[in-house]
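Inside the fold
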Amino acid sequence: MNINRRKFTQLVGAATVAAAVPYSIRAQSKPSVVVVGGGAGGATAARLVAKNSDGAVDITLIQDTPTYTSCFFSNLYLGGFRDFDSITHSYDDLVSNYGIKLVTGLATGVDRAARTVTIADGSTVGYDRLIIAPGIEFKFDSVPGYTEADVEIAPHAWKAGSQTAILKEKLDALEDGQNIIMVAPPNPYRCPPGPYERVSMMAHLLKSKGFTKSTITILDVKPKFSKQGLFQAGWEKHYPGMIEWIAPEVHGGIIKVDAKAGTVETDLDTFEGALLNIIPGQTAGDIAHAAGLTDDSGFCPVDATTMRSKVDENIFVVGDACIAGDMPKSGFSANSQGKVAAMNVRADLLKSKVFPAKFSNTCWSLIATGDGVKVGAQYVPIDGKITAIAESKFLSKSDESEQDRLATAMEADGWYEAMTSSMFQ
Amino acid sequence: MSTFKYVLLTCGFLLVTFVVNADELTDRIEEIMAAPVDQDYAAYLAEGCTSCHQAKQGTGTPVIAGMAKQHIVISLLLYQNGTRVNAAMKSIAIGLGDEEIASLAEYFSQLVESQ
Ligand SMILES: Cc1cc2nc3c(=O)[nH]c(=O)nc-3n(C[C@H](O)[C@H](O)[C@H](O)COP(=O)(O)OP(=O)(O)OC[C@H]3O[C@@H](n4cnc5c(N)ncnc54)[C@H](O)[C@@H]3O)c2cc1C
């Protein structure tokens, strides 16, 4: 009753103002926020600015694809634990529940002086505050011989969508005795445990089909990797003899990938696979570079307390594209950063309250059915850097009970639902 | 979950609590239950919880929307001191002060679990 009356008064009030003020002034009276990239960071930020500002801000979300397929849980799709629809999300609720304007198109440039974003069709959208969350782009030259033209033959599937579907198709088509070669990416890249969870899921699929002869070889360019002990113990337990991880000091370096021939040549040997999964090095999404927001690292420096770009005070950068101190590049991290950015964007525009920034991350990985592991921590800004709180760091134990592992696997399912709700609903 | 279940759970935890560290913890629970609550701060902090805690019942992570305030307070304190064991919840709980626990517990207890 009360709320109804208040809403009614607001409506009448707004209508009266609308009648009295010429359009040009009206257009300026509502501050505008543009978000580029509707993924883990951008969708979260757009939704929260909208949800918490009660219609006082105009929000435009620019996203190149009509739906979003998440990289998170795409490995579970490969393993047969999820279907493609369950990792694909629509933007409809963001539009209908919060009045966010959705532009389906690629943002190609930012005019920081004029405060406009250009879209591929040539149109522009103006902003008072811009949130950049485009995720990553690949550095194809980081893998000798591998080019963008090869991605359909030897998919990276490190951006989800059609790439994920191609990898799944090729995986499903393998016959017993045919091998998989993965080239794992150099740091920093999105989802540190991701390649190793993927290998686990591919092995799970092959094993569940009764394959006994196929192998998976990981040619890594890193001397060690995330949750290494847990993964290697899990591989030994669930997929003995199937997975081999080869460190750079052993293979001596990758000399050439030949996608068509299905070979990866290293100092040690030439490896042959019916399926090559090549994951190149990564950099911030193109638009972050085009807007001049990146530094020599290829990612965007931000203020650790607000996620504001160090280059332009009207712009915030969240997710994989930013330099987030100790935080890994993950969907959970991007979501957490999106929340801090949203609070500060609202404070800029509406003078709403600001609370101290707190960040959080947990990365779950599934090794086999009901065998989940996790790693995580909480983070705060210290001396200008997003810093892990030492006591908050945790990692699954190698001697945990099967019950604990099952609980962890189920937590991850709960997280996926909650996380995607906090992006899209 | 029914209120009856909460009462049972809470009693169970309190029992453990008494065994572990009786007086200190019960005093703290009372203080937190009576502590002032900042709604805006609570709403901000709660965003850090809803990335795992869904609004409706699914698998894995419990719904905390609509839980009894005291149950939330006690649970967070027990994760903090290690009596209740979950690595992710402990990591989060140890960073919460009494005022934050009070605000979060009040906030979630006032929410309604969606259907
Ligand atoms: C196999 C795999 C498994 C993973 N598993 C997990 C996991 O279990 N947990 C976890 O937390 N993280 C996981 N991650 C990491 C996670 O997917 C990323 O860290 C996260 O998606 C980053 O969020 P973001 O918002 O920065 O980018 P994204 O989520 O990639 O969103 C960016 C969006 O912006 C769009 N876009 C980019 N440029 C433009 C432009 N110029 N104009 C318009 N739109 C644009 C893109 O199409 C994309 O949809 C995984 C990643 C991979 C590859």
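Everything below is about the structure printed above this text.
Residues numbered from 1 in each chain as written. Chains lettered and ligands numbered in written order. Predicted model: local features only at pLDDT ≥ 70, side-chain atom pairs only at ≥ 80, totals over all residues. Heavy atoms only, no water.

1. Overview of the site of the ligand
Residues and elements named next belong to chain A. As a reminder, the rule being used: Any residue with at least one heavy atom within 4 Å of a molecule or strand is counted as near it. Side-chain atoms alone can form a polar contact between residues adjacent in sequence; in general such a contact is a pair of N or O atoms within 3.5 Å, and within protein one must be able to donate a hydrogen while the other accepts it. To measure how exposed things are, a 1.4 Å probe is used in the Shrake-Rupley method; for residues, cover is taken only from the protein chains shown. For the purposes of this entry, the term helix denotes a DSSP run of H or I that reaches at least four residues, the term strand denotes a run of E that reaches at least two, and both are numbered from the N terminus. Where each domain starts and ends follows an automatic or database-derived domain assignment.
Taken together, the neighbourhood of the ligand is formed by 34 residues, with G41, D64, Y68, R190 and D320 sitting nearest. The contact in question runs from an oxygen atom of the ligand to an N or O atom on the side chain of Q63, over 2.9 Å. At a separation of 2.6 Å, an oxygen atom of the ligand approaches a polar side-chain atom of Y68. For the ligand, whose unbound accessible area comes to 990 Å², protein coverage reaches 94%. Those elements that provide at least two residues to the shell around the ligand are helix 3 (40–53), strand 2 (58–63), helix 4 (74–79) and helix 11 (331–350). Ranked by the residues each element gives to the shell around the ligand, the list is headed by helix 11, at three residues. The residues that make up the shell around the ligand include at least three from each of domain 1 (5–135 + 285–354) and domain 2 (142–280).

2. So, the environment of V221(A)
Residue and element names in this part refer to chain A. Here is the rule we go by: Should any heavy atoms of two residues lie within 4.5 Å, those residues are considered in contact.
With respect to the helices and strands, the residue V221 is situated in the loop between strand 12 (216–219) and helix 8 (228–238). With 30 residues separating them along the chain, V221 and H251 place their C-alpha atoms 9.2 Å apart. Residues within four places of V221 in sequence aside, it is in contact with A184, P185, P186, P248 and I254.

3. Focus: the sheet that holds strand 11 (residues 180–183) of chain A
All names here are of chain A. Definition in use: At least two bridges found by DSSP between two strands is the condition for calling them paired. Here an angle of 0 to 180 degrees is reported between the N-to-C directions of two axes, which are lines fitted to C-alpha atoms, with helices fitted over the stretch in contact.
Taken in spatial order, the four strands of this open sheet run 13-12-11-17, and their pairing is parallel. Here the strands that pair on one side only, and so sit at the sheet edges, are strand 13 (243–246) and strand 17 (275–278). For this sheet, the mean angle separating the axes of adjacent strands, direction not counted, is 15°. Where strand 12 lies against strand 13, four bridges are found, and the strand directions are parallel. Each bridged residue has a counterpart across the sheet, and for L219 the counterpart in strand 13 is I246. In the packing of helix 7 (residues 194–208) onto the sheet, the strands contacted are strand 11, strand 12, strand 13 and strand 17, and the crossing angle to strand 12 comes to about 170°.

4. Some remarks on the packing of helix 2 (residues 39–46) of chain B against helix 5 (residues 98–110) of chain B
All names here are of chain B. Note the threshold: Angle categories are assigned with fixed cut-offs, so that under 35 degrees is roughly parallel, over 145 is roughly antiparallel, 65 to 115 is roughly perpendicular, and the rest are oblique. Lys, Arg, Asp and Glu make up the charged group, whereas Ala, Val, Leu, Ile, Met, Phe, Trp, Tyr, Cys and Pro make up the nonpolar group; the residues left over, Gly among them, are polar.
Contact pair helix 2 / helix 5: the axes reach a minimum separation of 9 Å and the direction vectors enclose 85°. When the axes of helix 2 and helix 5 are compared, the pair comes out roughly perpendicular. Mapping the contact onto sequence places Q39, Y41, A42, A43, L45 and A46 in helix 2 and E99, E100, S103, L104, E106, Y107 and F108 in helix 5. Grouping the amino acids of the contact of helix 2 with helix 5 by side-chain chemistry returns eight nonpolar, two polar and three charged.

5. So, the interface of chain A and chain B
Stated precisely, the cut-off is as follows: Accessible area that two parts lose when put together, evaluated with a 1.4 Å probe and summed over both, is termed the buried area. A pair is scored as a salt bridge if a Lys or Arg side-chain nitrogen falls within 4 Å of a carboxyl oxygen belonging to Asp or Glu.
On the chain B side, the residues contacting the 28 residues of chain A number 24 residues. The largest contributions to the chain A side of the interface with chain B come from K339(A), F355(A) and K358(A), which together make up 26% of the buried area. The interface formed by chain A and chain B contains two salt bridges. Between K353(A) and D40(B) there is a salt bridge, with its nearest N and O atoms 3.0 Å apart. Between the two partners, chain A and chain B, sit eight residue pairs in polar contact (both at pLDDT 80 or more). Among the elements that line the side of chain A that touches chain B, the one with the most residues is helix 12 (residues 402–424) of chain A, at nine residues.

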